[in-house]
Amino acid sequence: MENVLEQISKVKRDKLGTDIPIVIFRALRHFTSIYASDLLGEKGANILFVNAGRTLGKELGKVLYDQDINRYLSNVSDFVKKEKIGIINVAEFSDEKLVIQLDECITCAGMDNIGKRICFFEVGLVLGIVEYYLGKKLSAFESRCNANGEGVCEVTVILK
Ligand SMILES: [Zn+2]
């Protein structure tokens, strides 16, 4: 059976094509997040978005896989840029942690400071991609966010 990515990649929009304005993506994120928080509480909603991103990250991991970690990260970086999710910079990579900065983040770039970090989907995405490569469960958190006035979107994955 084909995977979910293949299923949802099938688009027939002869006049409109495959792109949408970023504001539509952000509106979907924003309002979904409000109602998810109503139903699940803020913490539950955050977990929901992390797990959604994480599932996508694992699916992408399969597609972008390379045995060589640097080539894998380079495949991921090329994909993330091509799909206009953001521009990846590896800020730190040690035995303890991997810190990924996402410039021009699809969710938070250019936003005013609203006093909280909001990119839980992106946290999950990075987490799932790393988990797929290492074949084990890890934890991650957003360590900086444009929406929290920190100038960049940044995900830290704890490797041990
Ligand atoms: Zn962010």
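If you're wondering where the values come from, they're calculated on a predicted model, not measured in any experiment. (Residues numbered from 1 in each chain as written. Predicted model: local features only at pLDDT ≥ 70, side-chain atom pairs only at ≥ 80, totals over all residues. Heavy atoms only, no water.)

### A look at the UniProt feature "domain: 4-vinyl reductase 4VR" (unreviewed entry) in the chain
(1) Moving on: In the numbering used here, UniProt assigns the feature "domain: 4-vinyl reductase 4VR" (unreviewed entry) to residues 97–159.
(2) Moving on: Secondary structure content for residues 97–159 is 24% helix and 30% strand, and the end C-alpha separation is 5 Å. (UniProt positions renumbered as here; feature names shortened; annotations may be inferred. Helix = DSSP H or I, 4+ residues; strand = E, 2+ residues; numbered from the N terminus.)

### Regarding the sheet that holds strand β4 (residues 153–158)
(1) Moving on: Ordered in space as β1-β2-β4-β3, the 4 strands form an open sheet in which the pairing is antiparallel. The two strands at the open ends of the sheet, each matched to only one other strand, are β1 (87–93) and β3 (139–144). Neighbouring strand axes in the sheet, compared pairwise and without regard to direction, differ in orientation by 25 degrees on average.
(2) Moving on: Note: strand β2 (residues 97–103) against β4, 6 bridges, orientation antiparallel. By the bridge assignment for β4, L98 is matched with V157.
(3) Moving on: Strands in contact with helix α3 (residues 69–82) are β1 and β2; relative to β1, the strand with the most contacts, it is inclined by about 145 degrees.
(4) Moving on: Along the sheet, helix α4 (residues 120–134) makes contact with β2, β3 and β4, crossing β4 at roughly 40 degrees. (Pairing = 2+ DSSP bridges. Axes fitted to C-alpha atoms, helices over the stretch in contact; angles between N-to-C directions. Contact = heavy atoms within 4.5 Å.)

### Comments concerning the coordination of the zinc ion
(1) Moving on: The zinc ion binds to the protein through C108 (SG), C119 (SG), E142 (OE), C145 (SG) and C153 (SG), with metal-donor distances spanning 2.3 to 2.6 Å.
(2) Moving on: Each donor residue of the zinc ion belongs to the same chain, with the gaps between them written as C-x10-C-x22-E-x2-C-x7-C. With a gap of 34 residues between them, C108 in the loop between β2 and α4 and E142 in strand β3 connect regions that are remote in the sequence. (Donors = N, O, S within 2.8 Å, 3.2 Å for Na, K, Ca; no water.)

### Considering the nonpolar core
(1) Moving on: Counting residues in hydrophobic clusters, the biggest one holds 30 residues, and the most contacted among them are V76, L102, C108, C119, V130 and V157.
(2) Moving on: Looking at this core, the elements that each hand over two or more residues are α2 (22–64), α3, β2, α4 and β4.
(3) Moving on: Among residues more than four places away in sequence, those in contact with V130 are L98, L138, V157 and L159. (Core = buried A, V, L, I, M, F, W, Y, C linked by side-chain atoms within 4.5 Å. Buried < 20%, exposed > 50% of the residue type's maximum accessible area, 1.4 Å probe, protein only.)

### Re the pattern of salt bridges
(1) Moving on: Tallied over the full model, the rule gives 10 salt bridges.
(2) Moving on: Notably, a salt bridge pairs E42 with K116, separated by 4.0 Å at the nearest N-O pair. Of the two residues, E42 is situated in helix α2 and K116 in the loop between β2 and α4; the sequence distance between them amounts to 74 residues.
(3) Moving on: For E42, a relative accessible area of 48% corresponds to the partly exposed category.
(4) Moving on: For E154, the salt bridge identified is with R144, shortest N-O distance 3.7 Å. Highlighted residues: E154 in strand β4 and R144 in strand β3, separated in sequence by 10 residues.
(5) Moving on: The exposure class assigned to R144 is partly exposed, which follows from its relative accessible area of 31%.
(6) Moving on: Three or more residues are tied together by salt bridges with common partners; here these are R54, K58 and E131. (Salt bridge = Lys/Arg side-chain N within 4 Å of Asp/Glu carboxyl O.)

### Comments concerning the packing of aromatic side chains
(1) Moving on: Within this structure, the stated rule accounts for 4 aromatic pairs.
(2) Moving on: By the ring-pair criterion, three or more aromatic residues cluster together here, those being Y65, Y72, Y132 and Y133. (Phe/Tyr/Trp six-rings, centres within 6.5 Å; stacked < 30°, edge-to-face > 60°.)

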